[in-house]
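# Structural overview
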Protein chains: 2
Amino acid sequence: MDARILTIGQLARETGTKVETVRFYEKSGLLPAPARTEGNYRSYDRTHLNRLSFIRRARDLGFSLDQVRALLALSDDREQSCAAVNAIAKEHRAEVERKIADLQSLKKELDRMIDHCGCGIVADCRIIESLSPDGRR
Amino acid sequence: MDARILTIGQLARETGTKVETVRFYEKSGLLPAPARTEGNYRSYDRTHLNRLSFIRRARDLGFSLDQVRALLALSDDREQSCAAVNAIAKEHRAEVERKIADLQSLKKELDRMIDHCGCGIVADCRIIESLSPDGRR
DNA sequence: CTTGACCCTGTAGTGACTACAGGGATCATT
DNA sequence: AATGATCCCTGTAGTCACTACAGGGTCAAG
């Protein structure tokens, strides 16, 4: 067992996290509260480092904190079927796909607005016009 | 001038907005505070209806409230050049493009994870593995 | 001892809403 | 006039995932 002990600042730096965020995760129940030094400093070991890395990785992939929470619980039970893991990941992927579709549709509308803007004065502005009810203001 | 007067509920329904959101926009300074009835109900006219429609439309297109605020100010000055309007819209479009690219990259990673998941038990789960530091837990 | 960096807890803010709570107003019906 | 349903009011707090202080303590090096 790696006996390396880390302060919160060290843990944060190693995982590309802010100190405040680490404390937030602890408060949120995602990261277990660590032992403390005599000076009341948090004292992290490799277990915490691994867990925080997992959390950050999942967050970077856009999983919500609740999804991360569920994934962590699942990953703690190694004999469990990974069907639930799969389901979470697939639902998340579906959501990402929806967001992409929404944004692409949105971009098309913005393209239309911008490409039709002759850019003279506001009174003749096609962007303002298309934001206005009935294109009449 | 259309003399039609609307309550907040009517205004909200006509613009697909929640009553609370209308009050929020008023508090945020986006929508001017309307006259009041003797019973202290808000009393909206067509000007407000037009303005709220503009706000909703811009919000639907993903403009931030500050961007909407700027667009409203620009649209109130009809002799002004619409270069500033154009700039706001283009910046927003660029942001949407960035988001799309991010999400597409993210989706690729999720695809990779999910497609490699044999889905047996957690100990062999490729999703959990790819979330874990060094793929070793 | 001093200094600078880090740590602690608690609180509040971000952006854009959203949801109460408690109480008043309005309208239609009886 | 009473009643019930619906709407309105203000104020407060919550959502999500952080983020940024404020005020004070700890640690290590000089």
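What you see is a predicted model; the values in this text were computed from it and never measured.

Criteria and thresholds
- Residues numbered from 1 in each chain as written.
- Chains lettered and ligands numbered in written order.
- Predicted model: local features only at pLDDT ≥ 70, side-chain atom pairs only at ≥ 80, totals over all residues.
- Heavy atoms only, no water.
- UniProt positions renumbered as here; feature names shortened; annotations may be inferred.
- Helix = DSSP H or I, 4+ residues; strand = E, 2+ residues; numbered from the N terminus.
- Salt bridge = Lys/Arg side-chain N within 4 Å of Asp/Glu carboxyl O.
- Buried < 20%, exposed > 50% of the residue type's maximum accessible area, 1.4 Å probe, protein only.
- Least-squares fit on C-alpha atoms with pLDDT ≥ 70 in both.
- Contact = heavy atoms within 4.5 Å.
- Buried area = accessible area lost by both parts, 1.4 Å probe.
- Polar contact = N/O pair within 3.5 Å; in protein donor to acceptor, adjacent residues only side chain to side chain.
- Nonpolar A, V, L, I, M, F, W, Y, C, P; charged D, E, K, R; others polar.
- Arc of directions from axis to C-beta.

### Some points on the UniProt feature "coiled-coil region" (unreviewed entry) in chain A
Within this numbering scheme, the UniProt entry marks residues 86-116 of chain A as carrying the feature "coiled-coil region" (unreviewed entry). Here residues 86-116 of chain A runs as 97% helix and 0% strand, with 45 Å between its end C-alpha atoms.

### Notes on the pattern of salt bridges
Should the charged atoms of two oppositely charged side chains come close, the side chains can pair. If you walk through the whole model with that rule in mind, you get 26 salt bridges over all chains. Between Arg51 of chain B and Asp76 of chain B there is a salt bridge, with its nearest N and O atoms 3.4 Å apart. Remark: Asp76 of chain B occurs in the loop between helix H4 (65-75) and helix H5 (83-115) and Arg51 of chain B occurs in helix H3 (residues 46-60); sequence separation between them is 25 residues. Accessibility expressed as a relative area gives 46% for Asp76 of chain B, which makes it partly exposed. Each of Arg93 and Glu97 of chain A together with Lys107, Asp111 and Asp115 of chain B takes part in a single network of salt bridges with overlapping partners.

### Some details on the relation of the copies chain A and chain B
Superposing chain A onto chain B takes a rotation of 180° plus a shift of 0.0 Å along the axis, which leaves an RMSD of 0.1 Å. Both copies of the chain, as the preceding transformation shows, are related through a two-fold rotation axis. Taking the C-alpha atom as reference, chain A places Ile100 of chain A closest to the rotation axis, 2.9 Å from it. Mapped onto chain B, 100% of the interface residues of chain A are again interface residues, and the two copies thus contact each other with one and the same surface.

### Details of the interface of chain A and chain B
Listed per partner, the contact involves 54 residues of chain A and 54 residues of chain B. Between chain A and chain B the total buried area reaches about 4,900 Å² when both faces are included, carbon and sulfur atoms providing 70% of it. Salt-bridge contacts for Glu97 of chain A lead to Lys107 of chain B; the nearest nitrogen and oxygen are separated by 3.4 Å. One can count 12 residue pairs in polar contact (both at pLDDT 80 or more) joining chain A with chain B. For the side of chain A that touches chain B, the elements supplying multiple residues, two or more each, are helix H3 (46-60), helix H4 (65-76), helix H5 (83-115) and helix H6 (126-131) of chain A. A total of 21 residues in the side of chain A that touches chain B trace back to one element, the largest contributor, which is H5 of chain A. For the side of chain A that touches chain B, the per-class residue count stands at 27 nonpolar, 12 polar and 15 charged.

### Description of H4 of chain B
Quick reminder: α-helices carry 3.6 residues per turn. Residues three or four places apart thus point the same way. Listed in full, the buried residues belonging to H4 of chain B are Gln67, Val68, Leu71, Leu72, Leu74 and Ser75 of chain B. Across the axial projection of H4 of chain B, the buried residues extend over an arc of 165°, all falling on one side. Elements that come into contact with the buried residues of H4 of chain B comprise H6 of chain A together with H3 and H5 of chain B.

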